[in-house]
Amino acid sequence: MNVILLGPPGAGKGTQAKLLQELCSILQLSTGDMLRAEVAAGSVLGKRAKEVMDAGQLVSDDVLIGMISNRIDQPDCVNGFILDGFPRTTPQAEALDQMLDVKGLKIDHVIELSVDDEAMIKRITGRYTCSKCGAGYHDEFQTPSVDGICDKCGGNKFSRREDDNETTVRSRLRAYHEQTAPIIAYYRDNDSLDIVDGMADIEQVAKQLAEIVV
Ligand code: AP5
């Protein structure tokens, strides 16, 4: 099964993709995480991407399309995948359809997490992850059971993303409404769009998603 999660920064795409990954044994493919790995590795692509990401803008379509196409071909995607952060522009959505067609694959569910922009600022500026295993937390909405200790791996070091400051988040929200929101109409016109209430709490959103995909 192949799923696309759509929604603005902070909508919960990453949070829900990780839960769906466990529920359905399919792989989360986050283009943001892939780009951040390139930045951390100091690759040529990472150096170019960092500047764009720090400004809250989108990395060029050709880079992202090639990256996703290669990733889908890896053996760990054989049961399916959840696209988190891709596609993000109409050319990416069109290229994805063509690419999947060539590979003999298709998207089974496109799901939009519908949210309120202003609430996203609070969600994103409060977000942090375990530096060891990458588990996601939030100062208010998703705290570890024992303060300062990761529930998943016991790690005690955490980090925050460089682009998770209010100024950059506002640019990312603008980029979403200008360049990504139009693809919702693209999927609605193809009758393949489901919408869930992303303002509900994390468990409730997960329940809505499970009802669609299981
Ligand atoms: P990316 O990493 O994809 O960031 P994003 O789309 O801005 O999404 P986020 O990761 O910020 O939000 P999310 O929806 O995953 O929220 P989360 O679940 O963490 O992209 C980063 C950058 O890379 C882009 O700006 C761009 O430059 C580049 N890029 C990436 N893909 C690209 C592409 N295809 N084309 C071009 N450029 C690309 O939730 C946020 C917080 O809220 C968490 O702390 C969580 O605990 C909490 N939370 C989640 N759900 C709830 C809830 N229901 N109630 C309360 N709290 C909640």
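On a predicted model such as this, the values are computed, not experimentally measured, just so you know. Residues take numbers from 1 onward in each chain, read along the sequence in its written order. A pLDDT threshold of at least 70 governs which residues receive local features in this predicted model, and a stricter bar of 80 or more applies before side-chain atom pairs are shown or counted, although totals over entire chains, interfaces and linings include all residues. Side-chain measures here rest on the full set of heavy atoms in the structure, leaving out hydrogens and waters.

Asker: How should I be thinking about unusual backbone geometry in this particular structure?
Answerer: Trans is the prevailing form of peptide bonds, just as negative phi is the prevailing case for residues other than glycine. Of note, the bond from F86 into P87 is cis; its omega dihedral lies within 30 degrees of zero at 0°. Phi angles above zero are rare outside glycine, and S25 is one such case at about 55°. Considering the arrangement of structural elements, one finds S25 in the loop between helix 1 (13–24) and strand 2 (27–30). Numbering goes from the N terminus for both helices and strands, where a helix is a DSSP run of H or I of at least four residues and a strand is a run of E of at least two.

Asker: Looking at this structure, how should I read the pattern of salt bridges?
Answerer: It is possible for side chains bearing opposite charge to pair when their charged atoms get close. Definition used for salt bridges: Asp or Glu carboxyl oxygen within 4 Å of a side-chain nitrogen of Lys or Arg. Taken as a whole and judged by the stated rule, the model has 15 salt bridges. Of the charged contacts in the structure, one is a salt bridge between E140 and K122, with a shortest N-O distance of 3.4 Å. In this pair, E140 sits in the loop between strand 6 (136–138) and strand 7 (158–159) while K122 sits in helix 6 (residues 117–125), placing the two residues 18 residues apart along the sequence. Type-normalised accessible area, obtained with a 1.4 Å probe on protein chains alone, sets the label of each residue: buried when under 20%, exposed when over 50%, and partly exposed for intermediate values. Overall, E140 belongs to the partly exposed group, its relative accessible area being 49%. By relative accessible area, K122 is classed as partly exposed at 44%. For D164, the salt bridge is made with R127, and the minimal N-O distance between the two is 2.8 Å. Residue D164 is located in the loop between strand 7 and helix 7 (166–180), and its partner R127 is located in strand 5 (residues 127–130); the two are separated by 37 residues in the primary sequence.

Asker: What is the right way to look at the sheet that holds strand 7 in this model?
Answerer: Note on sheets: strands pair through backbone hydrogen bonds, and any given pair is parallel or antiparallel. Two strands qualify as a pair provided DSSP detects at least 2 bridges between them. The sheet built from three strands is open, its strands ordered 6-5-7 with antiparallel pairing. Taken across any chain shown, the strands that pair with only one partner, and hence form the sheet edges, are strand 6 and strand 7. Where strand 5 meets strand 7, two bridges bridge the pair, whose relative direction is antiparallel. Paired with C130 across the two strands is F158, which belongs to strand 7.

Asker: Mind showing me how you'd approach the pairing of strand 4 (residues 109–114) here?
Answerer: Across the six residues of strand 4, five count as buried, placing the element largely inside the fold. Where strand 1 (residues 2–6) lies against strand 4, four bridges are found, and the strand directions are parallel. Bridging from a neighbouring strand, L5 pairs with I111 of strand 4. The pairing of strand 4 with strand 8 (residues 193–197) spans five bridges and is classified as parallel. Residue pairing in the sheet places V110 in a bridge with L193 of strand 8.

Asker: Hey, could you run me through the site of the ligand in this one?
Answerer: Within the structure, the ligand sits among 36 residues, and T15, Q57, R88, Q142 and R172 are positioned closest to it. Pairs of N or O atoms within 3.5 Å make up the polar contacts considered here, provided that, within protein, one atom can donate a hydrogen while the other can accept it, and that residues adjacent in sequence are counted only when both atoms are side-chain atoms. Contact distances for the ligand include 2.7 Å between an oxygen atom and a side-chain N or O atom of Q142. Surface accessibility follows the Shrake-Rupley procedure with a 1.4 Å probe radius. Residue values consider only the protein chains on display as shielding. Protein contacts shield 95% of the accessible area of the ligand, which totals 1000 Å² for the unbound molecule. Ranked by residues supplied to the shell around the ligand, first place goes to helix 2 (residues 31–41) with four residues. Residues of the shell around the ligand, tallied by class, amount to 15 nonpolar, twelve polar and nine charged. When at least one non-hydrogen atom of a residue lies within 4 Å of a molecule or strand, that residue is treated as near it. Ten residue types, Ala, Val, Leu, Ile, Met, Phe, Trp, Tyr, Cys and Pro, are classed as nonpolar, four, Asp, Glu, Lys and Arg, as charged, and the remainder, Gly among them, as polar.

Asker: So what exactly am I meant to see when it comes to the environment of V214 here?
Answerer: Mapped onto the secondary structure, V214 falls in the segment after helix 9 (202–213). Expressed as a C-alpha distance, the spacing of V214 and M1, which sit 213 residues apart in the sequence, is 10.0 Å.

Asker: Before we go on, may I ask you to explain the side chain of T31 in this structure?
Answerer: Checked against the element boundaries, T31 lands in helix 2. The contact criterion used throughout is that any non-hydrogen atoms of two residues lie within 4.5 Å. Residues in contact with T31, not counting those within four places in the same chain, are L64, I68, D84, G85, F86 and R88.

Asker: When you look at the packing of helix 2 against helix 4 (residues 61–72) in this model, what are you seeing that I'm missing?
Answerer: A packed helix pair is summarised by two numbers, namely the angle formed by the two axes and the spacing between the axes. Taken N-terminus to C-terminus, the directions of helix 2 and helix 4 make an angle of 100°; their axes are 11 Å apart at the nearest point. Taken together, the axes of helix 2 and helix 4 are roughly perpendicular relative to one another. In this structure, helix 2 contributes T31, M34, L35 and E38 to the contact, and helix 4 contributes L64, M67, I68 and R71. When the residues that make up the contact of helix 2 with helix 4 are grouped by side-chain class, the tally is five nonpolar, one polar and two charged. Every axis corresponds to a line fitted to the C-alpha atoms, with the helix fit spanning only the stretch in contact, and the corresponding angles, defined between N-to-C directions, vary from 0 to 180 degrees. Roughly parallel covers angles under 35 degrees, roughly antiparallel covers those over 145, roughly perpendicular covers 65 to 115, and oblique covers all other angles.

Worth remembering: the numbers are spatial, not functional.
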